Amino acid sequence: MTTMTLACGLLCTQHPATEKPAPVLTDDQAALQRANKRIETLEDEIKALKEPTVKHQTQAKAERTPSKTYEVTAYTNGVESTGKSAGHPDYGVTASGARTETGHTIACPPSMAFGTRLNIEGIGVRTCEDRGGAITEGHIDLYVEGVSEAQAFGRQRLKAEIIKE
């Protein structure tokens, strides 16, 4: 064998990769990851608000409308709604970083900024503090404490208006 053949044989030999176990995060590292995710969400909100004026003009027209009909559903903090169990570090924490609050919290589509307040027909005033994978334009998800309450609420078409302050 020539030196070149020997060198190629040594370099070209594939060795099986050894899998490294996933690192275990400390509580502080997990909290930092959650905080970074919240920061990313808020940065996305800021970008959406800074988009070209064409979008702002469209939003201004929508705000002039006294009310709009939304499909309104209800959700809880539990696994059935959020995929998080009571032991999860983000259990009860909204996408905005606030804690869910009965009679206060709603999940809104991305077009609504966190902090937007809506007066929902038959429900009252609620604040947009959360997002959800199934929350699209024209859909609002009302936070309630119990699964039976969420199921009883069902799916309703209700009028809501943005409260300007």
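Residue numbering note: each chain is counted from 1, following its sequence as written. Side-chain atom pairs in this predicted model are given and counted only at pLDDT of 80 or more, local residue features only at pLDDT of at least 70, and totals for whole chains, interfaces and linings cover all residues. Hydrogen atoms and water are omitted, and side-chain values are computed over all heavy atoms in the structure.

S.K.: What am I meant to see in the overall build of the chain here?
M.R.: Working definition: helices are DSSP H or I runs of at least four residues, strands are E runs of at least two. Numbering for both runs from the N terminus. Tallying secondary structure elements over the chain gives 5 helices and 6 strands in all. Along the chain, helices (α) and strands (β) appear in the sequence α-α-α-β-α-β-β-β-β-α-β when read from the amino end. A burial count over the chain gives 27% of its 165 residues as buried. Contacts were defined at the residue level, with two residues in contact if any of their heavy atoms lie within 4.5 Å. In the chain, 65% of the contacts between residues at least 6 apart in sequence involve partners at least 24 apart. Each accessible area is a Shrake-Rupley estimate made with a 1.4 Å probe; only the visible protein chains count as cover when residues are assessed. On the chain, roughly 11,300 Å² of surface is accessible, and the fraction owed to carbon and sulfur atoms is 55%. Burial classes follow relative accessibility: with a 1.4 Å probe on protein chains only, a residue under 20% of its type's maximum area counts as buried, one over 50% as exposed, and anything between as partly exposed.

S.K.: Help me out: how do you make sense of the pairing of strand S5 (residues 139-143) in this one?
M.R.: Every regular strand shows the same layout, with side chains that alternate between the two sheet faces. When you tally the buried positions in S5, you get 5 out of 5 residues, the bulk of the element. The side-chain alternation of S5 yields two buried faces, one formed by His139, Asp141 and Tyr143 and the other by Ile140 and Leu142. Taken together, the 5 bridges between strand S1 (residues 68-75) and S5 define a ladder with parallel strand orientation. Across the sheet, the residue bridging to Ala74 is Leu142, located in S5. DSSP bridges decide pairing: two strands pair if at least two such bridges lie between them.

S.K.: Teacher, can you tell me more about the pattern of salt bridges here?
M.R.: Pairing between side chains of opposite charge can happen when the charged atoms of each approach one another. Salt bridge criterion: a side-chain nitrogen from Lys or Arg within 4 Å of a carboxyl oxygen from Asp or Glu. Under the definition given, this model contains 1 salt bridge. For Glu71, the salt bridge identified is with Arg155, shortest N-O distance 2.3 Å. One end of the pair, Glu71, is in strand S1; the other, Arg155, is in the loop between helix H5 (147-153) and strand S6 (156-162), and 84 residues separate them in sequence. Judged by its relative accessible area of 24%, Glu71 falls in the partly exposed class. With a relative accessible area of 60%, Arg155 lands in the exposed category.

S.K.: What should I look at first to understand the packing of aromatic side chains in this one?
M.R.: Two aromatic rings are characterised by how far apart their centres lie and by the angle between their planes. What counts as a ring pair is set by centres within 6.5 Å for rings of Phe, Tyr and Trp (its six-membered ring), and what kind of pair is set by the plane angle: stacked under 30 degrees, edge-to-face over 60, tilted for all other angles. This structure, assessed with the given rule, holds 1 aromatic pair. When the ring centre of Phe114 is taken as origin, the NZ or CZ atom of Arg131, which lies over that ring, is 4.3 Å away. Here, over-ring charges are defined by two tests on the NZ atom of lysine or the CZ atom of arginine: distance to the ring centre within 6 Å, and angle to the ring normal within 35 degrees.

S.K.: Whenever I open this one, the pairing of strand S4 (residues 124-130) confuses me. Can you help?
M.R.: Counting buried positions along S4 gives 5 out of 7 residues, so the element sits mostly inside the fold. Note: strand S2 (residues 105-107) against S4, 3 bridges, orientation parallel. By the bridge assignment, Ala107 is partnered in S4 with Asp130. Bridge analysis of strand S3 (residues 117-120) against S4 gives 4 bridges, and the strand direction is antiparallel. Directly across from Asn119, in S4, lies its bridge partner Val125.

S.K.: Sorry, what's going on with the sheet that holds S5 here?
M.R.: Judged by pairing direction, the barrel is mixed, and its 6 strands sit side by side in the order S1-S5-S2-S4-S3-S6 before closing back on the first. The mean angle between the axes of side-by-side strands here comes to 45 degrees, regardless of whether they run parallel or antiparallel. Bridge analysis of S3 against S6 gives 3 bridges, and the strand direction is antiparallel. The residue of S6 that forms the bridge with Leu118 is Ile162. Here an angle of 0 to 180 degrees is reported between the N-to-C directions of two axes, which are lines fitted to C-alpha atoms, with helices fitted over the stretch in contact.

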